[in-house]
Structure formats: C-alpha cells, structure tokens
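Residues per chain, in single letters:
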Amino acid sequence: MSADTQVNSLVGLDNLELAPQPGREFLRGTSVKVLGGLWPKVLAIVIVLGLWELVYVANVKPHDIFPGPATVLPNLWTQANHSLLWQAIGTTLRRAVTGFALALVIGSIVGALVSRIKVLRAAVGSLITGLQTMPSIAWFPFAIIFFGLNTSAILFVIVLGAAPSIANGLIAGVDYTPPVLLRAGKTMGLRGLALYRHLILPASLPTFVAGLKQGWAFAWRSLMAGELLVIIAGTSSIGVLLSNDQNQADMPSAMAIMIVILVLGIGVDALFGTVDRTIRRRRGLADPAVGR
Amino acid sequence: MSIMQRGAPAEPAAASRSSAPVSSTGRREAGEPVVELTGVSKVYGTSRAPLLALDNVSLSVAEGEFVCLIGASGCGKSTMLSLVAGLDTPTSGQISTGGKRVTLMFQEPALFPWLTSARNVELALRARGVPKQQRRTRAAELLQAVHLGGFGGKRPHELSGGMRQRVAMARALAQDADVLLMDEPFGALDAMTRDLLHDELDRICAERALTVLFVTHNVREAARLGDRVILLSSRPGRVIEEVKVDIEHPRRIDSPEIAEIGAHLTDRLREEMASHVR
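Now for a look at the structure at hand. In every chain, residue numbers begin from 1 and rise along the written sequence. Chain letters and ligand numbers both follow the written order, the letters beginning at A and the numbers at 1. This being a predicted model, a pLDDT of at least 70 is required before a residue's local features are given, and a value of 80 or more before pairs of side-chain atoms are given or counted; all residues contribute to the totals for chains, interfaces and linings.

1. Section: unusual backbone geometry
All names here are of chain B.
(1) Moving on: With an omega dihedral of -5°, the bond running from Arg-235 to Pro-236 counts as a cis peptide bond.
(2) Moving on: Helix and strand labels come from DSSP, where a helix needs a run of H or I of at least four residues and a strand needs a run of E of at least two; each type is numbered from the N terminus. The residue Pro-236 is located in the loop between β8 (228–232) and β9 (239–244) in this model.
(3) Moving on: Geometrically, the link from His-249 to Pro-250 is a cis peptide bond, its omega value of -5° lying close to zero.
(4) Moving on: Unusually for a residue other than glycine, Asp-176 sits at a positive phi of about 50°.
(5) Moving on: Along the chain, Asp-176 falls in the loop between α4 (161–174) and β6 (179–183).
(6) Moving on: Its 14 C-beta neighbours within 10 Å are what place Asp-176 among the partly exposed residues.
(7) Moving on: For Arg-235, which is not glycine, the phi torsion reads 40° and is therefore positive.
(8) Moving on: For the exposure call, what matters is how many other C-beta atoms sit within 10 Å of a residue's own: 20 or more marks it buried, 12 or fewer exposed, and in between partly exposed, using C-beta atoms placed from the backbone. Looking at Arg-235, the number of C-beta atoms within 10 Å reads 15, which means it is partly exposed.

2. Overview of the sheet that holds β8 of chain B
Within a sheet, adjacent strands bond to each other through the backbone by hydrogen bonds, running parallel or antiparallel.
All names here are of chain B.
(1) Moving on: Strand pairing is assigned whenever DSSP identifies at least 2 bridges connecting the two strands. The strand order β5-β6-β7-β3-β8-β9 describes an open sheet built from 6 strands, whose pairing is mixed. Every interior strand has two partners, whereas the edge strands, β5 (102–105) and β9, have only one. Averaged over all adjacent pairs, the angle separating strand axes in this sheet is 20°, with direction ignored.
(2) Moving on: Summarising the sheet, β5 and β6 pair through 4 bridges and their orientation is parallel. Bridged to Met-105 within β6 is Met-182. Comment: axis = line fitted to C-alpha atoms, over the contacting stretch for helices; angle = value between 0 and 180 degrees taken between N-to-C directions.

3. Here's the deal with the environment of His-82 of chain A
(1) Moving on: On the secondary structure map, His-82 of chain A appears in the loop between α3 (69–80) and α4 (83–116).
(2) Moving on: Remark: the alpha-carbon pair of His-82 of chain A and Leu-264 of chain A, spanning 182 residues in sequence, is separated by 18 Å.

4. Digging into the packing of helix α2 (residues 117–127) of chain B against helix α3 (residues 132–145) of chain B
Residues and elements named next belong to chain B.
(1) Moving on: Where α2 contacts α3, the axes come no closer than 9 Å and their chain directions differ by 120°. By the criterion of interaxial angle, the relationship of α2 to α3 is oblique. Crossing geometry of α2 relative to α3 is assigned as right-handed. Taking contact as the criterion, the partners of Ser-117, Ala-118, Val-121, Glu-122, Leu-125 and Arg-126 in α2 are, on α3, Arg-135, Arg-136, Arg-138, Ala-139, Ala-140, Leu-142 and Leu-143.
(2) Moving on: Side-chain classes are defined by residue name, with Ala, Val, Leu, Ile, Met, Phe, Trp, Tyr, Cys and Pro counting as nonpolar, Asp, Glu, Lys and Arg as charged, and the others, Gly among them, as polar. In terms of residue class, the contact of α2 with α3 is built from 7 nonpolar, 1 polar and 5 charged. Reported orientations rely on four angle classes, namely roughly parallel under 35 degrees, roughly antiparallel over 145, roughly perpendicular from 65 to 115, and oblique for the rest. With the far helix as reference, a near helix turned anticlockwise by less than a right angle produces a left-handed crossing, and one turned clockwise produces a right-handed crossing. Contact between two residues is assigned when their C-beta atoms, built from the backbone, lie within 7 Å.

Geometry only, nothing functional implied.
Put into structure tokens, the structure is as follows:
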C-alpha cells in the first residue's frame, strides 16, 4: 500500500465517521423543537389550574378563604398594573442578587481554600455540609439580635444558606477532576497555579455550576423567610406584600403574590439550567436532544 | 527462526548499524542508549503486605529505537512507563533518560473536553513556554501532521475515537519530546482504525526520529511496530525474553512474518500464564 493510499484511507475513514447519522434530529427544525418542548409545560399548567378550579367548585372551604383561579388571576393582573408590585419585585431581586453575589465570593474562597489545604478540610469539611443541612430560618433570631431589623440580617442568612452549597460544589468539582486528565496535565508540565487555571478549575466547572444552582435555591428560600420575618418600615418587598395580605386576610392577593414568587424562582432556576446545559453540551456530556 | 534472537540480554541495537542515520527499512537507525533502566524494582502496598510490581528490571532503549513491552496482567508495564515518565519513583535501581524530554500517551486520549482540538495542542505548547503568537501556527502544523488539519475547531466529543487519539498524538508531539512512552494507546480502537494508526505512528516516528517505548497486550501489534519486543513475566514483572524484529518497513500486520513472531510471543505468554496455576 502506498503512502498516499494510506493517508487517503485515513482521511476517508474520518469523513465516514463524522458524517451525520440518520435519525430523528434530521427532520426537526428549531421551531418544531421549541414548540415540542413547550406543550408539556403548557399542559402541566392547564392541569394544575383545572385541579385548583375543581377544589374551588367543590366548596371545600368558603370562597373568600379559598378563591379560585378566576379570582386570583385577575387580582394578579391588577397588581401587575400597579407600580407597588414592581417596586417590591425590584427590592427583593436586588437583595437576592446582592446576597447571592456575597455567597458566591465567600463560598468560592472557602471552597478553594478547603479543597487545597488538607488540614482545613479535616477541620471544616464536615462543618460546611452541616451548615447546609441547617434550616436557614433557624438563623434569624441570631441575625435579628446581631444586626437588628434591617437588610444586613436578611443578607447574612442568605449567605449562610447559599455559601455552603457553592463551596461544596467547588470542592466536589476539584475532587472529581478525572485522574487521567491530571496525569495528562502533569505529563504536559502543568504545575501549581497553571495546573489549577488550565485544568482543575475548568474541569470542575459543571459541578461548580450545579452547586450554584443549589445555592440559589437555598438563597431564595432564605430570602423569602427573611422578608416575612424582618419587616423593615417604609420598604416594600415581596415578603412585605405577602405579610400585609396575611394581616388583612386578603387571600386572592396573597395567592397572587405566591404565584409571583413561584415564577421568579422558576425563572432564575431556568437560567442556571441553561448555563448548565450549555456547558455540558459543549463538553459532550449530555445529548442536546434530551433534557429540555 | 533467523529473525529472532531469543533470551538476549538488554542491549541496544548492534553498533555496526548506527553509522547510517536512516536504514534501508525506512526507520531511523538506533544510536546511543536514551532510556536506561538498571536493576529497577518497585514495591507497592504496605510493609505488611508488600506487592512487588517490578523485580530487578534492566533494559535500555537506544536513540530512535521502537521497543514494545508485552506481558499478561500484572507484569508492571504501566508501572514501568510511570517510572520512566517520572510520575513515580522506583523503590530501588536506577532510571536514566539521558536528560531527554519524555512524554506519555495513554489508552484514553485524555484530551481536555472544554477545549477544541487546536486549543488542546496549544495548551501543551503553552506549558512548554512557546510564545503566544507562535502557538496557533505550531498547533495547526501539528494537527496537519496527524492529518487533522481541518478539525482544529472541533471539540473532542465531536471526533471519533481514532481522531481523538491522533489529537492526543499531536499534543504529545507539541511537547517536543525525544522519548514517547505509549501505554496501550490503540487498545480501545477498532482493528481498521488501529491498522491505519500504526502506519501513521510509523511515519511520524521516522520523520521525527522519536525513541518509543510502547506497551501493548496485542502480540501482532508489538511485532508490527517494534524493532524489539520485550516480554515481561507477571507478578512480579521481570524481563523473560527479548525478540528482535528484523522485518523491513513498511510492514503489514497481516503478513506471515508478523504472524510468525506473533505466534511465538503468544506461546511464550501462555507458558508464562500457565506458570501461575496454583
């Protein structure tokens, strides 16, 4: 066999192996995929609304105590047309972003130190996991006495809720860097800081993002608990609106606010989900056709 | 069998051939010893339950020589490569690589999945301190050298197994090593791809005058690629035989000469395995 034939068969085999495989992806356009991903969600919402309406018409409770979707949804629409709700959403999201950013910085620093320093890991490794299991609401008495009834108390609890998950995400990511990649990196001559920058940190990114996602869930719960407990005079927040509705026994408004909380939580979670999927897809860790 | 020289002690190729830089076989002639192991032993485990992985192994690989290591499970082949690569230290004995740059390739391509093929190669150049403006062109040249010129922008998961292993080869070449240690690099590939990669490896080694220490389980692969094949016993690993492969290049894995050597290696390996009956 001549050298040319050898090269040609090699390149030809490459082309054969990379040719698109016939499959269902072939027929599906982008719009079809988006619609295909959307209808189960719409169906789920319709089912939930239907069940809600069923319980409502079954007269389990008086209608002013348990209003149906036909009362709550218009209430939500009315509130959405007033600036008060939007101010409240603004305040709450500002706190969420500030608290989460603080947790991100603190969690990353703690995670980086613990993953690098053996003594530190022995000392505080299990403490971090312990903190994660502690319900954040249990921190509020401490935070309110320590900081007073103000935003700092809320932010403190958000950080305590989210930072352990973020730190644990980073630690797990570093721990589970594939050994074969570590060997390859060392063979290449990557050492010390360069090893971290070019290998360990990028390798741990998917696990770190999973930690961020979990941290966000904890942060959001802590924030909601905090806003119900720490009422600051003169500020409107989602928690303040909900608390006011409770005081006035205004169930339709309270349920409308709950829908807002749910939608905000799902929205941010979807954002993390998109980042997570993008990273995984770029690394060939997930089939892009599934998981939407 | 005149092509074999059984039970010979570890010694570099005959001095009479080293005068010519390129032999009639197309492969660069062997010269001075580059990799030398002298009485190397490696013990793993605790002092209570020590496991002797390598027992007093001596061998030398001459410059430009292609040596295959073959043996059954537990012969310490991979241990030996780790020791030569400097990823591990021997319990006793000496290892010298004559100050040459050494690099290691594994059965897995071990490419970084978050980088494109070109970036993977560039990272190896960067780790070596190649200036930024040269990295891109060098990486493109190296990918071209393994016939992957058009695939620099692809990520590892978008390539086939054989293509990934060639990117890994380009990355190994980027380390500008004189000695290439390969730990069953084609073990996970199908026979057709493996066959083509043998030709590729032959060509690259000849072009770059690489010294190669190649671990494999495949007797024909060893005979196809090696200038010499070294058989190791299992638990502990010792050199039990050396076979010199005097077959001209280009070689074919399905030629009768390779099959003959392969059969001999298989017989010896079976004898060795049979000795472990308890």
